[in-house]
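Next come the chains, spelled out residue by residue.
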Amino acid sequence: MTADIDINGARLLGRLDQFAEIGATARGGVNRQALTELDREARSLLAGLAATRGFAVFQDPVANLFIRRSGRDDRAPPLLIGSHLDSQPAGGRFDGALGTLSAFEVLESLEDAGIETDRAIEVVAWTNEEGCRFAPGCMGSSAFSARAIPAEWPDFVATDGAVFGDELRETLEALPQAAMRDLGMPVHAYLEVHIEQGPSLEKDDIPIGIVTGIQGTRWLQVNVSGQTAHAGTTALSYRRDPLRAMISALDTLYSTVMPQDESARFTIGRIEVEPGAINAIPALARCTIDIRHPDPLAINRLNVTIEQCFRERAEAQRCEVLFKRSFDMPPATFPEKLLTVLERAAEGTGLATKRMVSGAFHDALFVNRIAPSAMIFVPCRDGLSHNEAEYTAPGHVVSGARLLLQSTIELAKG
Ligand code: HGY
Ligand code: MN
Ligand code: MN
């Protein structure tokens, strides 16, 4: 049964354009990394729009931003809908913003239609979902679900040298109009709209993905250290070259991990070398490794293989190797009862759907630890994401928000 109400598609598409201006890149993407001035600008724009509609605005100690539309029973745990506003350094205009702004559009449409819900509905913009400026990812949703900020986080240093504690404090102070609330609260359920970030929906020409779960993710930081020395005077037998060890290990891993297991994902996102002088053998080679797999045991096996390979190649070059695990998220499964609510609402709105597992991680994975959560995927062109060319057709944007609206009305019932 769908309620006789609809979203304002033009308003939502306009909002997406408006937010895409904040951190817009020359090639049509967005660089609005977590806890930067641009992130703060997007948060304050959303908070301003909320205040204009008379919604209450809150933030918690890890700067998760909440926009609340009250319900008849304000003591009942609210329904949370949302996503994130931070982006990749060369990100697209839909990753995160689509879910956050679709959720805000749902609040506005309910307000326009004067529909009163039993439960309060809160839009949430989670802090640092991407994890690329400050690792790990999903800091906001993981601290929210654990009701604690890990003691080591405030000292974490960003890829640009900023310190997490300082940036977090600045971000909180930049939104004085948001009332502070404690970290974590009872939540009735959580829904998130997101672009698929893969090719499956577009290939099957299906407008809606009902996400049944999220594959596991593990991030490693690998440091190989050797001895810096003169490029001209150091013969081979004297060299302890960490970059040679790293390249040898990576060559083997690239040619084995994904070719031997089509469900495995192995990505080196960043490599750094110190001192980085053209005429000095490196002292240190550092790289990041992103491992993904639907099977948690496979992630452990991959981790062992990777560390073994690096150790062998480091030893062959008389170098040392250190590993640091900066993110570790086992696979998650969303509850069947929520998937059925989404599918029934999609049927009511005449939207074809298909069930699928998410290759990307999302905040819903952590929220699912404290409340039933589910995700609605919409297609993205060529499956491209974490790329400035990321694109979702207006019709798909509207369908995703329309389904979120109908599902929200269903779940906001007492
Ligand atoms: O990396 C991820 O899976 C997410 O899109 N940040
Ligand atoms: Mn995202
Ligand atoms: Mn992303």
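Residues numbered from 1 in each chain as written. Chains lettered and ligands numbered in written order. Predicted model: local features only at pLDDT ≥ 70, side-chain atom pairs only at ≥ 80, totals over all residues. Heavy atoms only, no water.

## Notes on the coordination of the manganese ion (ligand 2)
And then number 1: The protein atoms that coordinate the manganese ion (ligand 2) are His 84 (NE2), Asp 95 (OD) and His 194 (NE2), at distances spanning 2.1 to 2.3 Å.
And then number 2: The metal-metal distance between the manganese ion (ligand 2) and the manganese ion (ligand 3) is 3.5 Å, with Asp 95 coordinating both. One end of the pair, His 84, is in strand 3 (residues 79-84); the other, His 194, is in strand 6 (residues 189-195), with 110 residues separating them in the sequence. Neither residue differs from the other here; His 84 and His 194 are each classed as buried. (Donors = N, O, S within 2.8 Å, 3.2 Å for Na, K, Ca; no water. Helix = DSSP H or I, 4+ residues; strand = E, 2+ residues; numbered from the N terminus. Buried < 20%, exposed > 50% of the residue type's maximum accessible area, 1.4 Å probe, protein only.)

## Some points on the pairing of strand 1 (residues 56-59)
Consecutive side chains along a regular strand alternate between the two faces of the sheet.
And then number 1: Relative to strand 2 (residues 65-69), strand 1 runs antiparallel, the two being bridged by four bridges. Bridged to Val 57 within strand 2 is Ile 67.
And then number 2: Where strand 1 hands over to strand 2, the hairpin turn is made up of five residues, of which Ala 63 adopts a positive phi near 70°. (Pairing = 2+ DSSP bridges.)

## Regarding the coordination of the manganese ion (ligand 3)
And then number 1: With distances of 2.2 to 2.5 Å, the protein atoms coordinating the manganese ion (ligand 3) are Asp 95 (OD), Glu 130 (OE), Glu 130 (OE) and His 386 (NE2).
And then number 2: For the manganese ion (ligand 3), all donor residues lie on one chain, and their spacing in sequence is D-x34-E-x255-H.
And then number 3: Residue His 386 is classed as partly exposed on the basis of its relative accessible area, which comes to 40%.

## Considering the pairing of strand 7 (residues 208-214)
And then number 1: For strand 7, the buried fraction is high: seven of the seven residues fall into the buried class.
And then number 2: The sheet contact formed by strand 7 and strand 16 (residues 353-358) spans six bridges and is parallel. By the bridge assignment, Gly 213 is partnered in strand 16 with Val 357.
And then number 3: Sheet analysis places strand 7 next to strand 17 (residues 373-378), joined by three bridges and oriented antiparallel. Residue Val 211 lies in a different strand from strand 17, and its bridge partner there is Met 375.
And then number 4: By the bridge criterion, two bridges tie strand 7 to strand 15 (residues 332-333) in an arrangement that is antiparallel.

## A short note on the nonpolar core
And then number 1: With 86 residues, the main nonpolar core has Leu 46, Ile 67, Leu 80, Ile 81, Leu 98, Leu 191 and Leu 404 as its most contacted residues.
And then number 2: In terms of domain composition, this core takes at least three residues from each of domain 1 (2-215 + 331-411) and domain 2 (216-329).
And then number 3: Sequence-distant contacts of Leu 80, defined by excluding residues within four places in its chain, comprise Phe 66, Glu 122, Val 124, Trp 126, Phe 144, Met 185, Val 187, Ala 189, Tyr 190 and Leu 191.
And then number 4: Counting residues in each nonpolar core, the second largest holds 23 residues, with Leu 253, Cys 287, Leu 302 and Cys 319 among its members. (Core = buried A, V, L, I, M, F, W, Y, C linked by side-chain atoms within 4.5 Å. Domains from an automatic or database assignment. Contact = heavy atoms within 4.5 Å.)

## Re the packing of aromatic side chains
And then number 1: By the definition in use, this model includes 13 aromatic pairs.
And then number 2: Each ring, one from Phe 66 and one from Phe 144, has its centre 5.8 Å from the other, and the planes form 40°; the classification is tilted. Here Phe 66, found in strand 2, pairs with Phe 144, found in helix 4 (residues 139-146); they are 78 residues apart in sequence, far enough to count as distant. Taken as a pair, Phe 66 and Phe 144 share a single burial class, namely buried.
And then number 3: Ring centres 5.1 Å apart and planes at 65° place the aromatic pair Trp 126 and Phe 144 in the edge-to-face group. Highlighted residues: Trp 126 in strand 4 (residues 121-126) and Phe 144 in helix 4, separated in sequence by 18 residues. With respect to class, Trp 126 is no different from Phe 144; both count as buried.
And then number 4: Grouping aromatic residues by their ring pairs yields a cluster made of Phe 66, Trp 126, Phe 144 and Tyr 190.
And then number 5: The lysine or arginine in question, Lys 324, covers the ring of Phe 156, its NZ or CZ lying 5.3 Å from the ring centre. (Phe/Tyr/Trp six-rings, centres within 6.5 Å; stacked < 30°, edge-to-face > 60°. Lys NZ or Arg CZ within 6 Å of the ring centre and 35° of its normal.)

## A word on the site of ligand 1
And then number 1: Within the structure, ligand 1 sits among Glu 129, Glu 130, Gln 197, Arg 292, Ala 360, Phe 361 and His 386.
And then number 2: A distance of 2.9 Å is found between a nitrogen atom of ligand 1 and a side-chain nitrogen or oxygen belonging to Glu 130.
And then number 3: In this structure, Phe 361 approaches ligand 1 through a main-chain N or O atom, which is 2.8 Å from an oxygen atom.
And then number 4: Its free accessible area being 210 Å², ligand 1 has 95% of it covered by the protein chains.
And then number 5: Across the shell around ligand 1, the residue classes tally to two nonpolar, two polar and three charged. (Near = heavy atom within 4 Å. Polar contact = N/O pair within 3.5 Å; in protein donor to acceptor, adjacent residues only side chain to side chain. Areas by Shrake-Rupley, 256 points an atom, 1.4 Å probe, with all protein chains shown as cover. Nonpolar A, V, L, I, M, F, W, Y, C, P; charged D, E, K, R; others polar.)

## Observations regarding the domain arrangement of the protein
And then number 1: Per the domain assignment, the segments making up the protein are domain 1 (2-215 + 331-411) and domain 2 (216-329).
And then number 2: Centre-to-centre separation of domain 1 and domain 2, based on C-alpha positions: 34 Å.
And then number 3: Interface of domain 1 and domain 2: buried area, both sides summed, is about 1,100 Å²; carbon and sulfur atoms make up 66% of it.
And then number 4: For the domain 1 face of the interface with domain 2, the top three residues by lost area are Gln 215, Pro 331 and Phe 361, together amounting to 53%.
And then number 5: Seen at the junction of domain 1 and domain 2, the total is zero salt bridges. (Buried area = accessible area lost by both parts, 1.4 Å probe. Salt bridge = Lys/Arg side-chain N within 4 Å of Asp/Glu carboxyl O.)

## Comments concerning the packing of helix 1 (residues 9-20) against helix 2 (residues 37-52)
And then number 1: It is at 10 Å that the axes of helix 1 and helix 2 come closest, and there the two elements cross at 145°. Along this stretch, helix 1 crosses helix 2, giving a crossing that reads as right-handed. Touching Arg 15, Gln 18 and Phe 19 of helix 1 are Ala 42, Leu 45, Leu 46 and Leu 49, all from helix 2.
And then number 2: The residue makeup of the contact of helix 1 with helix 2, split by class, is five nonpolar, one polar and one charged. (Axes fitted to C-alpha atoms, helices over the stretch in contact; angles between N-to-C directions. Left-handed = near helix turned anticlockwise from the far one by under 90°.)

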